[in-house]
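A structural walkthrough
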Amino acid sequence: MSNQLVVVGLFACAVSGVPGLFFSRHRCTGQWIAVIIAVTGCVLGLIGIGAFWCGHDGPEIGLPQPIPPFPGAQSWVGIDGLSALFLAPIFLIALLGNVYGLTYWKQSEHPTNGRKVGLFFGLMPAGMALLVIARNSLIFLVGWEVMALSAFFLVTTEEHDQEVRETGLLYLVATHFSTLCLFALFGLLFTWSGSFDLETMGEDKAGPKEVNALYVLALLGFGLKAGLMPLHIWLPSAHAMAPSHVSAMMSGVLIKIGIYGFVRVSSLLPAPPQEWGVIILALGGISGVLGVAYAIGQHDIKRLLAYHSIENIGIIVMGVGLAVLGRSLGRPDWIVLGLCGGLLHVWNHALFKSLLFFSAGSVIHATHTREIDHLGGLAKTMPQTALCFLIGAVAICGLPPLNGFVSEFLIYLGLFRTLSPSEGLSFARVSSAVPALALIGSLALACFVKVFSAVFLGSPRSHHAAHAHESKMTMVGPMFALAGCCFVIGLLPTLVSPVLMKAAQAWAPELAESDMRLDSFAPLGWISVMGLVLLGAILLAAMLLWNRLRHRRVETQPTWGCGYAAPTARMQYTASSFAQMLVSLFAWVLRPRRQAPEALSLFPQPSSFRSETPDVVVEEGIMPTFRFGAWLFSWIRIIQQGNMQLRLLYIFLTLFFLLLWRGRP
Amino acid sequence: METFVLNTLHMVVALTLPPLLLGVIGKTKALFAGRVGPPLLQPYWDLIKLFQKGSVFSTTTTWVFKAGPVVALVTGVLALLLVPLGNAHGPVSFTGDLILLAYLFGLSRFFTASAAMDTGSPFEGMGAAREVTYACLAEPAFFLGLLVLAKLSGSLDLAGMLGSHVADNWPKQGASLALVVLSWFIVLLVENCRVPFDDPNTHLELTMIHEVMVLDHSGPAFGMILYGAALKLFAFAALIVHLAVPLATGNPFLDWPVFITGTLAVAVVIGVVESTMARLPLPYIPILLAAACLLSAFGIILLVR
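Predicted model, so just to flag it, every value in this text is computed and none were measured.

**Brief notes about the overall build of chain B**
Regarding its fold elements, chain B presents 12 helices and one strand. In sequence order, the secondary structure elements of chain B are arranged as α-α-α-β-α-α-α-α-α-α-α-α-α. Along the first, second and third principal axes, the C-alpha set of chain B runs to 55 × 45 × 40 Å. A burial count over chain B gives 64% of its 305 residues as buried.

Spelled out as structure tokens, the structure:
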């Protein structure tokens, strides 16, 4: 039952944009049809997942006989706890994104590319859903490519812009590099297991050497998609250039597919040597700290949010690393806390990051700028968007009583538990992740105070910001839905613990036998109680304040300017000044560039100041390497002249040498 | 019944004692300066006076400006539900409550800094930027200290970490504990904006941190901020007293007076530090905070065997 519903749902999503191609590009009819089909598909999919969680999982869908060229590829698709967990955000965010897109990317306002966005915005979630439920590696790769290519067409929506085309190219190169790694990965899996089916491999088929090779390939291929530092090169600009509902989908869901792939593949392999757990944990920590450090230096609101995705992927990977370590050392409590924390963070990040991208899109829709320092004071003109952004910001900083706190709490608990002695592992290697997580949390807080206050508080810094207006219900509605989800998970984490345990049991079957529960390791009940107490107390204190002020004299005056008579909006502390101290603390890795004015004469001329934080990995790693490669390969052009006779000669020579080399009987 | 009495005692002490700490700090500083100084109970009178007043709000501000004081007060009260005082558990104690404690102060910081930015004043923006920047370095120091305590006690709740284990471990692992006490004292000074990080008595807006953030608050809202700050100071002082004076006889009539004397002694030490040190130039502050992290980190290294 659940399998069929999900398959029908993903098929509906996949074709949702097709009818729109036959309608006028200046009217919204086609877009409405696409949205209706996609929303129906998503709802069907969500019902299917719900049915699975309630225990109505059907048999896997497959072929009656294996097809000769694909030995062993018998079952095609099927749902288990892990797939269900990743399917839920795919369908939820696709549903809300479609509704949001109705106003944000209205067909009549974007006649040139509206239909393209409609088509691929349906195909992308369909590809993701297909690969998540795939039971053999061929289907997995089909879904992977559908997802990767639709994402490319969505990123290059505004292809008339040079910068967008460059971003698209970078993304395409990166995604195909990761596909290449996956080809190698699944090829090796097939060689060693003799089947394309995604089935658990015993230690007899995969020894330590094989496991090491597969882990390297999985980390490269999936890490590139997930945007793990330093493989994040494509991510910031792609998220910034795409339309906001696409960014929400990419940041909230698409990069999690990388996590899914890694978790799935690691579930198939036997326990790796314990070094892998430590390496993954360290990669997560680096990704987290550097991701948020880069975010602090950004001036573009969407680029900033994109760097926060890298940070959150880091947090998720820390949880996964802890689970891998737990598996190597036979510690079920580390597996449960690490994996449940990491996977819950997958959900949480999908919720609050989509919420933040939707809110940012609402701001961009109203003001037509992404520059944080050109905004300000929007809380007055766009109160609902401001509230939604604030909820998303508090959630992403991992503060109680919202959902981000719960997942970080689980990961913290897991990391603290590594202090108890266990064989062959010094606790100091793992426990240094605890202060790293604390640093990530407080840096994220600094960054979101900066964005929220520069965009929504104070007074408007430009006329764009001054003339903003609140967005329509089709845009604000999905935002409030996501904000509501953040509250539900934050206040009632016990609701999601069975779902998480189902996923954890799918990952580590040994957990299913011992009938472990998340509640026995983490005080989820206390989190609910304290969250509700916190909310209640805030309400009470607010009423107290209101009651105090009701009978007293309350005046409004301009802000105290220390006696300066003519303050202007441009004198406010900007986002860049707010971040300056932190950027200079991290200058050793961020390498910020600044052009400061110099007073050269007694009567200085008007001058300007600019600062930027470019991506060091792209600017100083990838680009020089590629330039060197281009120079190197230019030598090959000497033999490449387009002359048919010469080419025949090359073919002959190649064959000749091959015969010499391997031609003997 | 006994738990109920102890919990009531806990909350009464937690809600009434904190402003006295401010009074003690003031008296100590006056003593060093050769002045009589304001009466010990002056902070209480200040709070009562503020709660009687009206308010002036800036035209630039929104509801976020009022949310700042409210959240600061509430998080202070909730934090004191978690921190053990005297010889008892806090009224609320569960595995991992230490994480909630740290993140409650984070929530308070988020809203206080946002409220400061809401005024649009460059001075308050400066204060907010400094507050969140220094917290980024203080937070890892706090968590490193927690790691030491968790390792020593094998427990993941504050009551277990700060309970009888501390007294048992002083003879064995005294060096680690001493390093944590020192590191946490630095964290206390920066989190509560005392000298050498911030001078609460300075009169130049450009150089302040916490005081300049609350420049535009007035009346009851300002009272909430002051009271919330006192609660936070008290919570940190309580943590340090549990570590530095690990006397737990199990007899409430002995433990509570010792504990209260201990917190007042912490206030005296803060007063002494404020009287004998000048505040640091701003560029040196991150270095001192990094030193606090390193102290706790050495505490961990001493535990690696």
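**Some words on the overall build of chain A**
In terms of helices and strands, chain A carries 26 helices and five strands. The dimensions of chain A, computed from C-alpha atoms along their principal axes, are 100 × 70 × 60 Å. Counting all 665 residues of chain A, 57% fall into the buried class. Contacts in chain A between residues far apart in sequence, at least 24 positions, make up 81% of those at least 6 positions apart. Looking at chain A as shown, the accessible area adds up to about 26800 Å², and 67% of this sits on carbon and sulfur atoms. Each charge class in chain A was averaged separately, 40 positive and 34 negative side chains, and the resulting centres sit 7 Å apart.

**What to know about the interface of chain B and chain A**
Contact with chain B, which involves 74 residues of that partner, is made by 70 residues of chain A. On the chain B side of the interface with chain A, the three residues burying the most area are B:Tyr103, B:Phe110 and B:Met117, jointly 12% of the side's total. Summed over the shared surface of chain B and chain A, the number is zero salt bridges. Summed over the shared surface of chain B and chain A, the number is 15 residue pairs in polar contact (both at pLDDT 80 or more). Mapped by element, the contributors of at least two residues to the side of chain B that touches chain A are helix H3 (42-52), strand S1 (55-58), helix H4 (63-82), helix H5 (97-118), helix H6 (122-153), helix H10 (219-244) and helix H12 (285-303) of chain B.

**Quick word on a nonpolar patch on the surface**
Residue and element names in this part refer to chain A. On the surface, Phe628, Trp631, Leu632, Phe633, Trp635, Ile636, Ile638 and Ile639 cluster together into a nonpolar patch covering about 900 Å² of accessible area. Tracing the sequence through the fold places Ile638 in the loop between helix H25 (616-633) and helix H26 (644-662). A relative accessible area of 51% means that Ile638 is categorised as exposed.

**Focus on the packing of helix H4 (residues 114-133) of chain A against helix H9 (residues 244-268) of chain A**
Packed helices, taken two at a time, are described by the angle between their axes plus the distance between the axes. All names here are of chain A. Packing of H4 against H9 brings their axes to within 10 Å, and their N-to-C directions diverge by 20 degrees. As summarised for this structure, H4 and H9 are arranged roughly parallel, according to the angle between their axes. Like other packed secondary-structure pairs, H4 and H9 cross with a definite hand, here left-handed. Within the contact between the two elements, H4 uses Val117, Phe121, Met124, Pro125, Met128, Leu131 and Val132 and H9 uses His245, Val246, Met249, Met250, Val253, Leu254, Ile257, Tyr260 and Arg264. A class-by-class count of the residues in the contact of H4 with H9 yields 14 nonpolar, one polar and one charged.

**Re the side chain of A:Ser471**
All names here are of chain A. Along the chain, Ser471 turns up in the loop between helix H18 (463-466) and helix H19 (473-491). Engagement of the side chain of Ser471 in a polar contact is seen with the side chain of Ser362, the distance being 2.6 Å. Setting aside chain neighbours within four positions, we find Ser471 in contact with Ser362, Met382 and Val476.

**Considerations on the packing of aromatic side chains**
For the coordinates displayed, the defined rule picks out 38 aromatic pairs over all chains. Geometrically, the ring pair formed by A:Phe140 and A:Phe186 is edge-to-face, given 5.2 Å between the ring centres and 65 degrees between the ring planes. Of this pair, A:Phe140 sits in helix H5 (residues 137-155) while A:Phe186 is found in helix H6 (residues 162-193), placing the two residues 46 residues apart along the sequence. Between B:Phe234 and B:Phe259, the ring centres sit 6.4 Å apart and the planes meet at 80 degrees, which makes this aromatic pair edge-to-face.

**Here we look at the pattern of salt bridges**
Under the definition given, this model contains 16 salt bridges over all chains. A salt bridge links A:Asp333 to A:Arg417, with the shortest nitrogen-to-oxygen separation between them at 3.0 Å. Pair noted here: A:Asp333 is in helix H12 (residues 332-367) and A:Arg417 is in helix H15 (residues 403-417), with a separation of 84 residues, a long-range link. Note that B:Glu274 is salt-bridged to B:Arg194, the shortest N-O span being 2.9 Å. Of this pair, B:Glu274 sits in helix H11 (residues 252-276) while B:Arg194 sits in the loop between helix H8 (164-191) and helix H9 (210-213), placing them 80 residues apart in sequence. As far as the burial class goes, B:Glu274 and B:Arg194 line up, both buried.

**Some words on the nonpolar core**
Within the largest apolar cluster, 329 residues are counted, with the highest numbers of intra-cluster contacts made by A:Phe140, A:Leu415, A:Phe416, A:Phe448, B:Phe110 and B:Phe143. With 20 residues, the top contributor of residues to this core is H12(A). Each residue touching B:Phe110, except ones within four places of it in the same chain, is listed here: A:Leu390, A:Ala393, A:Val394, A:Cys397, A:Leu399, A:Leu445, A:Phe448 and A:Val449.

**Considerations on the confidence of the model for chain A**
With 96% of its residues at a pLDDT of at least 70, chain A reaches an overall mean of 88. Mean pLDDT values for the elements of chain A range from 57 in strand S1 (residues 61-62) of chain A up to 95 in helix H14 (residues 383-396) of chain A.

**Examining the packing of helix H2 (residues 29-53) of chain A against helix H3 (residues 81-104) of chain A**
Residue and element names in this part refer to chain A. Contact geometry of H2 with H3 gives a least axis separation of 9 Å together with a crossing angle of 155 degrees. Of the possible angle classes, the one that applies to H2 and H3 is roughly antiparallel. Note on packing geometry: the crossing formed by H2 with H3 is left-handed.

**A few points about unusual backbone geometry**
Going from A:Pro400 to A:Pro401, the amide bond is cis rather than trans, its omega being 5 degrees. Structurally, A:Pro401 can be placed in the loop between H14 and H15. Geometrically, the link from B:Val195 to B:Pro196 is a cis peptide bond, its omega value of 10 degrees lying close to zero. In this fold, B:Pro196 is placed in the loop between H8 and H9. Within the chain, A:His368 stands out as a residue other than glycine whose phi angle is a positive 60 degrees. Considering the arrangement of structural elements, one finds A:His368 in the loop between H12 and helix H13 (378-381). A relative accessible area of 65% places A:His368 in the exposed class. Positive phi is not limited to glycine here, since A:Arg591 has a value of about 50 degrees. Note on placement: A:Arg591 falls in the loop between helix H24 (587-590) and strand S4 (593-595). You can call A:Arg591 partly exposed: its relative accessible area is 43%.

**Examining the environment of B:Thr202**
Residue and element names in this part refer to chain B. With respect to the secondary-structure elements, Thr202 resides in the loop between H8 and H9. You can call Thr202 buried: its relative accessible area is 19%. Put simply, Thr202 and Leu9 are 193 residues apart on the chain and 37 Å apart in space, counted from C-alpha to C-alpha.

**A short note on H5(A)**
Here H5(A) is 19 residues long and its end C-alpha atoms lie 26 Å apart, about the 27 Å a rise of 1.5 Å per residue gives. Measuring from the side-chain oxygen of the N-cap residue of H5(A) to the backbone nitrogen of A:Leu138 gives 2.9 Å; that N-cap residue is A:Asn136.

**Thoughts on the side chain of A:Ser150**
Residues and elements named next belong to chain A. The residue Ser150 is located in helix H5 in this model. You can call Ser150 buried: its relative accessible area is 3%. Setting aside residues no more than four positions away along its own chain, Ser150 makes contact with Phe120, Leu123 and Met124.

**A closer look at the environment of A:Val451**
Residue and element names in this part refer to chain A. Within the secondary structure, Val451 sits in helix H17 (residues 433-456). With a relative accessible area of 0%, Val451 lands in the buried category. Discounting chain neighbours no more than four positions away, the residues touching Val451 are Ile301, Leu304, Ile372, Phe389 and Phe456.

**Let's talk about the state of the cysteines**
Residues and elements named next belong to chain A. Scanning the entire structure with this criterion turns up zero disulfides over all chains. Here Cys13 is not cross-linked by a disulfide; its sulfur's nearest cysteine counterpart is in Cys42, at 3.8 Å. Accessibility expressed as a relative area gives 1% for Cys13, which makes it buried.

Parameters and conventions
Residues numbered from 1 in each chain as written. Chains lettered and ligands numbered in written order. Predicted model: local features only at pLDDT ≥ 70, side-chain atom pairs only at ≥ 80, totals over all residues. Heavy atoms only, no water. Helix = DSSP H or I, 4+ residues; strand = E, 2+ residues; numbered from the N terminus. Buried < 20%, exposed > 50% of the residue type's maximum accessible area, 1.4 Å probe, protein only. Contact = heavy atoms within 4.5 Å. Areas by Shrake-Rupley, 256 points an atom, 1.4 Å probe, with all protein chains shown as cover. Lys, Arg positive; Asp, Glu negative; His and termini not counted. Charge placed at Lys NZ, Arg CZ, Asp CG, Glu CD. Buried area = accessible area lost by both parts, 1.4 Å probe. Salt bridge = Lys/Arg side-chain N within 4 Å of Asp/Glu carboxyl O. Polar contact = N/O pair within 3.5 Å; in protein donor to acceptor, adjacent residues only side chain to side chain. Patch = residues over 30% accessible without salt bridge, like charges linked within 9 Å, V, L, I, M, F, W, Y side chains within 5 Å. Axes fitted to C-alpha atoms, helices over the stretch in contact; angles between N-to-C directions. Parallel < 35°, antiparallel > 145°, perpendicular 65-115°, else oblique. Left-handed = near helix turned anticlockwise from the far one by under 90°. Nonpolar A, V, L, I, M, F, W, Y, C, P; charged D, E, K, R; others polar. Phe/Tyr/Trp six-rings, centres within 6.5 Å; stacked < 30°, edge-to-face > 60°. Core = buried A, V, L, I, M, F, W, Y, C linked by side-chain atoms within 4.5 Å. pLDDT = per-residue confidence, 0-100. Expected span 1.5 Å × (residues − 1). Disulfide = S-S within 2.5 Å.

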